[in-house]
Amino acid sequence: MALLDILHFPDPRLREVAKPVEQVDASVKQLVDDMFETMYDAPGIGLAAIQVNVPMRVITVDISEDQDEPLALINPEITSKDGIEEMKEGCLSVPGVFEMVQRADKITVKFLNRDGESVEMEAEGLLAVCIQHEIDHLDGKLFVDYLSTLKRQRIRTKLEKENRQRA
Ligand code: ZN
């Protein structure tokens, strides 16, 4: 297992559209395991492979308090959405920023699990929001895209400064 480096906004690599996984082989399982380790270490409740500079359609999620309900979604696809939920969101790629975002409250999502099995499940509330946030990453989209241009520009300026200090 290994901790992976997380890219920070406005890194252009976060804007790539991730490619579907063709086969859930040992390297994909390794990626999933490393992503969980990285996500738990951060700590965060969701991570998309593109955030660790792997442009593949893989996300990890765990909204439990004890970090004991790991959920890996490979090639996730939302097949239905219902209701409206507004929550304050944050992102490991946009550290220190938390803003309200509106999303669907209930979703049905189809994906392959870590064993390569096809799964369809329903999610609501925080889990549904988290999955929608992570799937956005796979399409090069970030939660700051839902904010006003002015707010996004302010966040960009702040993080660019922090990224320079980090480098
Ligand atoms: Zn995120």
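Being a predicted model, the structure only gives us computed values, none of them experimental.

**Q** So what's going on with the pairing of strand β3 (residues 71–82)? Which residues, and what values?
**A** Where strand β2 (residues 58–61) meets β3, four bridges bridge the pair, whose relative direction is antiparallel. Counted as the bridge partner of V58 is I74 from β3. Of the pairings in the sheet, the one linking β3 to strand β6 (residues 106–112) comprises six bridges and is antiparallel in character. If you follow E77 over to β6, its bridge partner there is K110.

**Q** How would you explain the coordination of the zinc ion if you had to name every residue and give the values?
**A** Bound to the zinc ion are the protein donor atoms C91 (SG), H133 (NE2) and H137 (NE2), situated 2.1 to 2.2 Å from the metal. Written as a sequence motif, the donor residues of the zinc ion are C-x41-H-x3-H. A residue pair is termed a helical-turn pair when its members lie 3 or 4 positions apart in one helix, as H133 and H137 do in helix α2 (residues 125–138) at four residues.

**Q** Which residues make up the environment of E162, and what values do they have?
**A** Its location among the elements puts E162 in helix α3 (residues 149–166). Note: C-alpha distance between E162 and P95 (67 residues apart in sequence) is 9.7 Å.

**Q** Which residues make up a negative patch on the surface, and what values do they have?
**A** A cluster of like negative charges, contributed by E65, D66, D68 and E69, occupies part of the molecular surface. Structurally, D66 is set in the loop between β2 and β3.

**Q** Residues and numbers for α3, please.
**A** Over its 18 residues, α3 runs 25 Å from end to end, which matches the ideal 26 Å to within 8%, given 1.5 Å per residue. Turning to α3, its buried residues number three or more, namely I155, L159 and N163. End-on, the buried residues of α3 take up no more than an arc of 70°, which puts them together on one face. Opposite the buried face of α3, by more than 90 degrees, sit the exposed residues L150, R154, K161, R164 and Q165.

**Q** Break down the pairing of strand β4 (residues 85–91) for me, with residues and values.
**A** Judged by which residues are buried, β4 turns out to be one-sided: E85, M87, E89 and C91 face inward and are buried, whereas E86, K88 and G90, on the alternate face, are not. Relative to strand β5 (residues 94–103), β4 runs antiparallel, the two sharing six bridges. Following the sheet pairing, C91 is matched in β5 by V94. Linkage of β4 to β5, two consecutive antiparallel strands, is achieved through a turn of two residues.

**Q** Requested: an account of the nonpolar core, with residues and values cited.
**A** One finds V61, L73, V109, M121 and I131 to be the most contacted residues of the largest nonpolar core, which totals 19 residues. Those elements that place two or more of their residues in this core are β2, β3, β6, β7 (118–124) and α2. Element by element, the count of residues in this core is highest for α2, at six residues.

The rules behind these values
Residues numbered from 1 in each chain as written. Predicted model: local features only at pLDDT ≥ 70, side-chain atom pairs only at ≥ 80, totals over all residues. Heavy atoms only, no water. Pairing = 2+ DSSP bridges. Helix = DSSP H or I, 4+ residues; strand = E, 2+ residues; numbered from the N terminus. Donors = N, O, S within 2.8 Å, 3.2 Å for Na, K, Ca; no water. Patch = residues over 30% accessible without salt bridge, like charges linked within 9 Å, V, L, I, M, F, W, Y side chains within 5 Å. Areas by Shrake-Rupley, 256 points an atom, 1.4 Å probe, with all protein chains shown as cover. Salt bridge = Lys/Arg side-chain N within 4 Å of Asp/Glu carboxyl O. Lys, Arg positive; Asp, Glu negative; His and termini not counted. Charge placed at Lys NZ, Arg CZ, Asp CG, Glu CD. Expected span 1.5 Å × (residues − 1). Buried < 20%, exposed > 50% of the residue type's maximum accessible area, 1.4 Å probe, protein only. Arc of directions from axis to C-beta. Core = buried A, V, L, I, M, F, W, Y, C linked by side-chain atoms within 4.5 Å.

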